[in-house]
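Listed here are the chains, written in short residue letters.
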Amino acid sequence: MVRPRNVNRTKAKKETPDWEQEEFESRTDIKKAAQAVTDLGVQLTELSDSALKSFELPDDVIKAIMQLKEMKNGPAIKRQKLFLGKLLRKNEPLIVHIKQRLFEIEQKAKQQTAHFHRLEKWRDRLVEEGDDALNEFMAEYTHADRSQLRQWIRNAQKEAEQNKPPKAYRAIFQYLKGLEW
């Protein structure tokens, strides 16, 4: 029996090169970098109009993004994506600016998610442990309303015992969210 040559060989994934770099090793790298810029343009279409305004993009790029957003189905979408990529590739400093802004937006979203997870843990502790956790919470957040929180905690515990919808449980989270963020 003859053993195949490519058994147990793995290909190391190659990083997609940046369009802004000076030289490329191959034509494939050029194509991959161009596709990455086109994908960056498609990422912009997923943002809201107000978020797009914060990017301070040129009018022709915004017009191309808006046209791509309006399209439903069909082969024109592919052409518009490629056109948007072409517009972005013509202006390399704009690509750097867009990447930086998208990174900032992503970091802010991660921070907000982590903050909400901390608040959820506090809420769970408050409902499960009661006054002990409330005293700890009040030491950390002195400006919180102890009596209101205590009332919501009691209501949340009763709702959990009676298998009712967690109205007070949600109210605690909304209050905690309003305290700091």
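In the block above lies the structure referred to throughout.
These remarks concern the structure in this document. (Residues numbered from 1 in each chain as written. Predicted model: local features only at pLDDT ≥ 70, side-chain atom pairs only at ≥ 80, totals over all residues. Heavy atoms only, no water.)

## Details of the overall build of the protein
So, point 1. Helix and strand counts for the protein stand at 8 helices and 0 strands.
So, point 2. Along the chain direction, N to C, the helices and strands of the protein fall in the order α-α-α-α-α-α-α-α.
So, point 3. In terms of overall dimensions, the protein is more spread out than a globule: its C-alpha atoms have a radius of gyration of 26 Å, far above the 16 Å expected for 181 residues.
So, point 4. A principal-axis box enclosing the C-alpha atoms of the protein has dimensions of 65 × 65 × 35 Å.
So, point 5. Counting all 181 residues of the protein, 30% fall into the buried class.
So, point 6. Sequence separation of 24 or more characterises 48% of the internal contacts of the protein that already satisfy a separation of 6 or more.
So, point 7. For the protein, the accessible surface area stands at approximately 13,200 Å², while carbon and sulfur atoms represent 49% of it.
So, point 8. Looking at charge distribution, the protein has the averaged site of its 35 positive side-chain charges lying 8 Å from that of its 29 negative ones. (Helix = DSSP H or I, 4+ residues; strand = E, 2+ residues; numbered from the N terminus. Rg over C-alpha atoms; globule rule 2.2 N^0.38 Å. Buried < 20%, exposed > 50% of the residue type's maximum accessible area, 1.4 Å probe, protein only. Contact = heavy atoms within 4.5 Å. Areas by Shrake-Rupley, 256 points an atom, 1.4 Å probe, with all protein chains shown as cover. Lys, Arg positive; Asp, Glu negative; His and termini not counted. Charge placed at Lys NZ, Arg CZ, Asp CG, Glu CD.)

## Regarding the nonpolar core
So, point 1. Ranked by size, the top nonpolar core spans 23 residues in total, and within it Leu44, Leu57, Val61 and Ile98 carry the most contacts.
So, point 2. Elements that contribute at least two residues to this core include exactly helix H1 (27-45), helix H2 (49-53), helix H3 (59-70), helix H4 (76-90) and helix H5 (92-129).
So, point 3. The element contributing the most residues to this core is H1, with 5 residues.
So, point 4. With sequence-adjacent residues up to four places away left out, leucine 57 is seen in contact with Leu44, Leu52, Ile62, Ile65, Leu94 and Ile98.
So, point 5. In this structure, Leu126, Met138, Leu149 and Ile172 belong to the second largest nonpolar core, which totals 19 residues. (Core = buried A, V, L, I, M, F, W, Y, C linked by side-chain atoms within 4.5 Å.)

## Quick look at the packing of aromatic side chains
So, point 1. This model, assessed by the stated rule, comprises 5 aromatic pairs.
So, point 2. With centroids separated by 5.9 Å and ring planes inclined at 65°, the aromatic side chains of phenylalanine 116 and phenylalanine 173 adopt a geometry described as edge-to-face. You can see phenylalanine 116 sitting in helix H5 and its partner phenylalanine 173 sitting in helix H8 (residues 167-180), a full 57 residues away along the chain.
So, point 3. Phenylalanine 173 sits in the buried class, given a relative accessible area of 12%.
So, point 4. Counting every residue linked through ring pairs, the aromatic cluster contains Trp122, Phe137 and Tyr141.
So, point 5. Against the face of phenylalanine 55 rests arginine 101, its NZ or CZ located 5.2 Å from the ring centre. (Phe/Tyr/Trp six-rings, centres within 6.5 Å; stacked < 30°, edge-to-face > 60°. Lys NZ or Arg CZ within 6 Å of the ring centre and 35° of its normal.)

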